[in-house]
Amino acid sequence: MSWSSRLKGIAPFRVMNLLETAQAREAAGHDVIHLEIGEPDFPTPPPVLEAGQAALAHGRTRYTPAGGLPALREAIAAHYAEHFGASVAPERILVTPGASGALLLASQLLVESGDRVLMADPTYPCNRHFMSLAGAEVDAVPVDERSGWQLDASLVARHWQPRTRLAMLASPSNPTGHMLGLDALRELAASVAERGGHLLVDEIYQGLTYDIPPVSASAVSSDAFVVNSFSKYFGMTGWRLGWLVAPEDAVEPLSRLAQNIFLAASTPAQYAALAAFRPDCREILEGRRRELETRRDALLKGLAALGLAPSLPPQGAFYLWLDISRYSQDSEAFCLSLLEEENVAITPGTDFAVQGGERHVRIAFTTDVARLEEAVARLGRFLQRRQGMA
């Protein structure tokens, strides 16, 4: 069979193969510690569950407008005003089936064949793939501690080309957990605007920050396209609900795209999400954020004892990006060996980085402190054996 040539640039998500192997080991009776998947062990908050159940009980299962429930768009707009000082009209918000739905809309609107897109390297691979499917070429810009593991204004200026149409970043980022502050976002937005381009910001880990307050690109530029999600901070991964904030003149074409691509997001999920902004739910979510910070600190402490802690601790999300080059130049083999020998599942850096991924791994602190400490102990044994073989 012959398939579309667009699929040639879409790499597999290697962590899914690792997850399958880890689950097979569990089925065989091994005690596997899962630090590979970006999904904390918290269930959906009770207020959200109750609102979803009430929506179903009252028969709220018919289509909503393509842009989403008006009440939900208003709640999201109020969220931006209250927590980020951003004035975002509800009409500029489109509710989508997950952040992936928002990325699909944005990619189809903003780029076409022959355009170029700037992104940090490493980054979440699906961000690259959405742009590739739209026909664009992605310029993966290497980042490190010097730029705070982020694409910044100076890097945009250095790497912008005549065919560059879009700069995309994620803050906080996956896989590094680092973010840009308001001043850096403002400078970046100005640099992109000066070149006549568009700025697309992935903020799906917004709210999950530990050392600095959460910020939004919507507070510095009404021209920025901002993707967000109910999955991470709000704990609604399986509900598949996200949103896109767009400039006013982009709303109509985006609405046309939404009508044709997915018609509307899940109606029960939208009614459930209304409860996510209630004070009682916010209290639960903030407690979970503090728990994730405790997990981060415990993991950093354990890795420091192994000489493996990152020099720049993550400020958000729930990931650590670790340099393993002292032990391996093949992160996929490293992760598989760690799983087979110590039953600890982590993600190879090759899933995220075009350059240098073979020397890095990502650890997700998505389980409790006791399991994280046990994982560090197992990792320590594993590294000792590798040093003994050197």
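See above for the structure.
Residues numbered from 1 in each chain as written. Predicted model: local features only at pLDDT ≥ 70, side-chain atom pairs only at ≥ 80, totals over all residues. Heavy atoms only, no water.

Whenever I open this one, the pattern of salt bridges confuses me. Can you help?
Charged atoms that come close allow side chains of opposite charge to pair. Summed over the entire model, instances satisfying the criterion amount to 21 salt bridges. In this structure, the salt-bridge partner of aspartate 115 is arginine 163, at a minimum N-O distance of 3.3 Å. With aspartate 115 in the loop between α4 (98-110) and β3 (116-121) and arginine 163 in the loop between α6 (153-159) and β5 (164-170), this pair connects stretches of sequence that are 48 residues apart. Assessed through its relative accessible area of 7%, aspartate 115 is described here as buried. Relative accessible area serves as the criterion here: at 46%, arginine 163 is assigned to the partly exposed category. Among the salt bridges present, the one from arginine 296 reaches aspartate 211, with a minimum N-O distance of 2.9 Å. Placement of the pair is arginine 296 in helix α10 (residues 279-305) and aspartate 211 in the loop between β6 (198-202) and β7 (225-229), with a sequence separation of 85 residues. A relative accessible area of 5% means that arginine 296 is categorised as buried. Judged by its relative accessible area of 46%, aspartate 211 falls in the partly exposed class. Through salt bridges with shared partners, a single network forms among Asp31, Arg371, Glu374 and Arg378. (Salt bridge = Lys/Arg side-chain N within 4 Å of Asp/Glu carboxyl O. Helix = DSSP H or I, 4+ residues; strand = E, 2+ residues; numbered from the N terminus. Buried < 20%, exposed > 50% of the residue type's maximum accessible area, 1.4 Å probe, protein only.)

Mind showing me how you'd approach the packing of aromatic side chains here?
Aromatic rings in a pair are described by how distant their centres are and how their planes are angled relative to each other. Here the structure, examined in full by the defined rule, presents 15 aromatic pairs. For the ring pair phenylalanine 13 and tyrosine 124, a centre distance of 6.1 Å and an interplane angle of 75 degrees mean the geometry is edge-to-face. Note that phenylalanine 13 is positioned in the segment before α1 (14-27) and tyrosine 124 in the loop between β3 and α5 (125-133), a separation of 111 residues in sequence. Judged by its relative accessible area of 26%, tyrosine 124 is partly exposed. Ring plane angle 90 degrees and centroid distance 6.1 Å describe the contact between tryptophan 321 and phenylalanine 352, whose orientation is recorded as edge-to-face. Of the two residues, tryptophan 321 sits in strand β9 (residues 319-323) while phenylalanine 352 sits in the loop between β11 (347-348) and β12 (360-364), which places them 31 residues apart along the sequence. Side by side, tryptophan 321 and phenylalanine 352 carry an identical accessibility label, which is buried. Three or more aromatic residues link up through ring pairs in this structure, and these residues are Tyr80, Phe84, Phe230, Tyr233, Phe234, Trp243 and Phe277. (Phe/Tyr/Trp six-rings, centres within 6.5 Å; stacked < 30°, edge-to-face > 60°.)

How should the sheet that holds β7 be read in this particular structure?
Sheet strands pair by backbone hydrogen bonding; their relative direction is either parallel or antiparallel. Strand order in the open sheet made by the seven strands is β2-β8-β7-β6-β5-β3-β4, with mixed pairing throughout. The two strands at the open ends of the sheet, each matched to only one other strand, are β2 (93-96) and β4 (137-142). Taken over all neighbouring pairs, the strand axes of this sheet differ in orientation by 20 degrees on average, direction set aside. As paired elements, β2 and strand β8 (residues 242-245) share four bridges and run antiparallel to each other. Following the sheet pairing, leucine 94 is matched in β8 by leucine 244. The sheet strands contacting helix α7 (residues 182-194) are β5 and β6, and the helix crosses β6 at an angle near 145 degrees. (Pairing = 2+ DSSP bridges. Axes fitted to C-alpha atoms, helices over the stretch in contact; angles between N-to-C directions. Contact = heavy atoms within 4.5 Å.)

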